Amino acid sequence: MSTYKIAILDGDGIGPEIMTEAVKILELAGERNNTKFELLRAPFGASAYFSHGQSFPEETKAICDEADAILKGPIGLSHEESKKIPVDEQPERGALLPLRRRYDTFANFRPVYLPKGIAHFSPLKPEIIGDGIDFIIIRELVGGLYFGNKETGVNAEGKRYVNESLEYDEDQIARIAKVAFETASKRKKVLHNIHKSNVLKSSVLWNEVMEEVGKDFPEVEVKHILVDAAATYLCLNPGQFDVMVMENMFGDILSDQGGGILGSLGLMPSACMGPEKAYYEPSHGSAPDIAGQGIANPYSMIGSVAMMLEMSFNMNDEARKVWHAMQSVFADGYSTPDLSRPGSDVNLISTSDFGDRVVNALSNS
Ligand code: NAD
Ligand code: IPM
Ligand code: MN
């Protein structure tokens, strides 16, 4: 029997609720595959700040260091609640970015997937959706504006100012480019490179390096699209995309738009891959507006487990079965309320009911 250690970081808001369901599926997948997943729970996020005085406590760092993979729920508080925490300890700056930096998780995979059978969840018209939506956003996750130099102060004229820079070196761009080309090479062999080279020098270098790396992948066709136009095409013709690659902040914004065209951010899992360690998290936040009500969609968290099974443990077949199990719950006419549309005919179920139905479907597969 193989044994793997998984750090479990519940996070804030809906985090613990959707994590409970994801853990049910993780444990079941282990039992079905003669694999023991040893779960190491650790405090992380705003809840950790209030209980331990730090949003990424030392004990959590030690547990993550020791783990074979990390499963992380969303972190963060509402705008008002965040003010109770000093700016640098707020969980986005104090926990999430340090987690990404610690394990150098530069390659963030955010699949945007809606099979035809559940296309009615999308706000887009059926004629736009066609055979469904199926593309992947590859977001650079440890560079750019998020990690560049930051300076605030009062200038010579006595005005408060801020200066933060968008920084990349060629190696940082080359390694995400390679991941993107490799992914495109295994899929439809078309890569959409999203940039803003008509204004940003960072995009000029980004595009240069993309083209250099592309020489090693002659089978992949590269299409360069400006990020603002890409936002429009995501609504008007998402079917043209298969693999998209972009810098950190563009990826943050366009991946939430991906959730929008699916019908809910609750359908957005993700994988954050570093050279030696990976962590898995939903693309969305802690949804303070629905936390504690038992109605959050756990698909994104369970999908993150499926990505972990495949990308960290090579359990591809089991991962595929987890995706199928979730789709079968939708096919049976059930969904959490985030996916209900006016006039739609779905049976609304709770977070835990969704998880239990996935467990049943997986057990029978
Ligand atoms: P959000 O992603 O939490 O929520 C946006 C909308 O999507 C809300 O209406 C919410 O109810 C809905 N939603 C999100 N996930 C859902 C799910 N699984 N099921 C059903 N509905 C879902 O964005 P926000 O409200 O702007 O941010 C809230 C907090 O989350 C902020 O503190 C933000 O910094 C943080 N955040 C954390 C992460 C992360 O941990 N990776 C990601 C994004 C935002
Ligand atoms: C995400 C989130 C984070 C980001 C925040 C919470 C720092 O929005 O994972 O998409 O901007 O990367
Ligand atoms: Mn985001």
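The numbers attached to residues start from 1 for each chain and follow its sequence in the written order. Both sets of labels track the order of writing: A upward for chains, 1 upward for ligands. Totals for whole chains, interfaces and linings use every residue, but because this is a predicted model, local features are given only for residues with pLDDT of at least 70 and side-chain atom pairs only at 80 or more, for both listing and counting. The side-chain values count all of the structure's non-hydrogen atoms but skip hydrogen atoms and water molecules.

## Topic: the pairing of strand β9 (residues 221-226)
Here, any two strands with at least 2 DSSP bridges between them count as paired. Secondary structure is summarised from DSSP: a helix means a run of H or I of at least four residues, a strand means a run of E of at least two, and numbering begins at the N terminus for each. Bridge count between strand β8 (residues 190-195) and β9: 6 bridges; the pairing is parallel. Along β9, the bridge assignment pairs His 195 with Leu 226. Where the polypeptide runs from β8 across helix α8 (residues 201-214) and back to β9, its parallel neighbour, the crossover connection is right-handed. Look down the strands so they point away from you; if the path from the first strand over the helix to the second goes clockwise, the crossover is right-handed.

## Some words on the pairing of strand β3 (residues 69-72)
Burial along β3 is two-sided: the residues Ala 69 and Leu 71 and Ile 70 and Lys 72 are all buried. In this structure, strand β1 (residues 2-9) lies alongside β3, joined through 4 bridges in parallel fashion. Within β3, the residue paired with Ala 7 across the bridge is Ile 70. Where β3 and strand β12 (residues 278-280) come together, 2 bridges link them in parallel fashion. Relative accessibility thresholds used throughout: buried, under 20% of the residue-type maximum; exposed, over 50%; partly exposed, between the two (1.4 Å probe, protein chains only).

## Quick notes on the site of ligand 2
Taken together, Glu 92, Leu 96, Arg 100, Arg 110, Arg 139, Tyr 146, Asp 252, Glu 281 and Ser 283 make up the full set of residues near ligand 2. Polar contacts here mean pairs of N or O atoms no more than 3.5 Å apart (in protein, one a potential hydrogen donor and the other a potential acceptor; neighbouring residues in sequence count only if both atoms are side-chain atoms). For ligand 2, an oxygen atom lies 2.9 Å from a polar atom in the side chain of Arg 110. The contact in question runs from an oxygen atom of ligand 2 to an N or O atom on the side chain of Asp 252, over 2.9 Å. All accessibility values rest on the Shrake-Rupley procedure with a 1.4 Å probe; residue burial counts only the protein chains present in the view. A total of 320 Å² of accessible area belongs to ligand 2 in isolation, and the protein chains cover 78% of it. Being near a molecule or strand, for a residue, comes down to having at least one heavy atom within 4 Å of it.

## Re the nonpolar core
Here, nonpolar core refers to any group of buried Ala, Val, Leu, Ile, Met, Phe, Trp, Tyr and Cys residues whose side-chain atoms link them within 4.5 Å. Formed by 92 residues in total, the largest nonpolar core has its most connected members in Ile 6, Leu 71, Phe 109, Phe 135, Tyr 280, Leu 309 and Phe 354. Contacts are assigned to residue pairs that have any heavy atoms within 4.5 Å of one another. Those residues in contact with Ile 6 that sit more than four places away from it in its chain are Leu 26, Phe 37, Glu 38, Leu 39, Leu 40, Ala 67, Ala 69, Leu 71, Met 308 and Phe 313. Core analysis: the second largest hydrophobic core is formed by 18 residues, Ile 63, Ile 70, Ile 75 and Tyr 103 among them.

## Some thoughts on the pattern of salt bridges
Salt bridge, as used here, is a side-chain nitrogen of Lys or Arg placed within 4 Å of a carboxyl oxygen of Asp or Glu. In total, this model carries 22 salt bridges according to the counting rule given. Ionic pairing is found between Glu 182 and Lys 178, a salt bridge with its closest N-O pair at 3.1 Å. Taken together, the positions of Glu 182 and Lys 178, both in helix α7 (residues 170-186) and 4 residues apart, correspond to about one turn of that helix. Put simply, Glu 21, Lys 24 and Asp 356 are held in one network by salt bridges that share partners.

## Remarks on the site of ligand 1
As a matter of local geometry, ligand 1 sits amid 22 residues, with Leu 77, Glu 92, Gly 285, Ala 287 and Asp 289 nearest to it. Contact between ligand 1 and Lys 72: an oxygen atom at 2.9 Å from a side-chain N or O atom of the residue. Interatomic distance of 3.2 Å between a side-chain N/O atom of His 284 and a nitrogen atom of ligand 1. Relative to its unbound accessible surface of 810 Å², ligand 1 loses 71% to contact with the protein. Classes in brief: Ala, Val, Leu, Ile, Met, Phe, Trp, Tyr, Cys and Pro nonpolar; Asp, Glu, Lys and Arg charged; the others, Gly included, polar. Its residues placed into classes, the shell around ligand 1 shows 10 nonpolar, 7 polar and 5 charged.

## What about the side chain of Ser 300?
One can find Ser 300 in helix α11 (residues 299-311). A distance of 2.7 Å separates the side chain of Ser 300 from the side chain of His 284, its partner in a polar contact.

## Considering the packing of helix α9 (residues 227-236) against helix α10 (residues 248-262)
What describes two packed helices is the angle between their axes and the distance between those same axes. All axes here are fitted lines through C-alpha atoms, helices being fitted over the stretch that makes contact, and every angle between N-to-C directions spans 0 to 180 degrees. It is at 10 Å that the axes of α9 and α10 come closest, and there the two elements cross at 10°. As the angle between them shows, α9 and α10 are arranged roughly parallel. Side by side, α9 and α10 meet where Val 227, Ala 230, Ala 231, Leu 234 and Cys 235 of the first sit next to Phe 250, Leu 254, Gln 257 and Ile 261 of the second. Note on angle classes: values under 35 degrees are labelled roughly parallel, values over 145 roughly antiparallel, values of 65 to 115 roughly perpendicular, and the remainder oblique.

## What to know about a negative patch on the surface
Patch membership needs two things, relative accessible area over 30% and no salt bridge, and members are linked within 9 Å if like-charged or within 5 Å if nonpolar (Val, Leu, Ile, Met, Phe, Trp, Tyr). By the counting scheme adopted, Arg and Lys are positive, Glu and Asp are negative, and His together with the chain ends is not counted. Taken as the charge location is NZ of Lys, CZ of Arg, CG of Asp or CD of Glu. Together, Asp 169, Glu 170, Asp 171, Glu 208, Glu 211 and Glu 212 make up a negatively charged patch on the protein surface. Taken together, the elements giving at least two residues each to the negative patch come down to α7 and α8. In terms of residue count, α8 provides more of the negative patch than any other element does, 3 residues in total. Positionally, Glu 211 belongs in helix α8.

## Considering the environment of Val 213
By the secondary structure assignment, Val 213 is in helix α8. When its relative accessible area of 12% is taken as the criterion, Val 213 is described as buried. Considering only alpha carbons, one finds Val 213 and Ala 180, 33 residues apart in sequence, at a separation of 10.0 Å.

## Overview of the environment of Met 19
Here Met 19 is to be found in helix α1 (residues 15-32). Leaving out residues up to four positions away in the same chain, Met 19 has contacts with Ile 8, Leu 9, Asp 10, Leu 71, Lys 72, Gly 73 and Met 301.

## Observations regarding the domain arrangement of the protein chain
The domain boundaries here were taken from an automatic or database domain assignment. What the domain assignment reports for the protein chain is domain 1 (1-105 + 274-365) and domain 2 (113-269). Domain 1 and domain 2 are separated by 23 Å when their C-alpha centres are compared. Facing 24 residues of domain 1, the contacting portion of domain 2 comprises 20 residues. Accessible area that two parts lose when put together, evaluated with a 1.4 Å probe and summed over both, is termed the buried area. Overall, the association of domain 1 and domain 2 removes approximately 1900 Å² of surface from exposure, summing both partners, and the carbon and sulfur fraction of that is 64%. The largest share of the area that domain 1 buries against domain 2 comes from Arg 100, Ser 283 and Leu 339, three residues that together contribute 25% of it.

## Things to note about the packing of aromatic side chains
Stacked, tilted and edge-to-face pairs are distinguished by plane angle, under 30 degrees for stacked and over 60 for edge-to-face with tilted covering the rest, among Phe, Tyr and Trp rings (Trp via its six-membered ring) whose centres lie within 6.5 Å. For the structure on display, the rule yields 12 aromatic pairs. Geometrically, the ring pair formed by Tyr 299 and Trp 323 is tilted, given 6.1 Å between the ring centres and 50° between the ring planes. With Tyr 299 in helix α11 and Trp 323 in helix α12 (residues 316-331), this pair connects stretches of sequence that are 24 residues apart. Overall, Tyr 299 belongs to the buried group, its relative accessible area being 2%. The structure contains a cluster of three or more aromatic residues connected by ring pairs, namely Phe 121, Tyr 299, Trp 323, Phe 330 and Phe 354.

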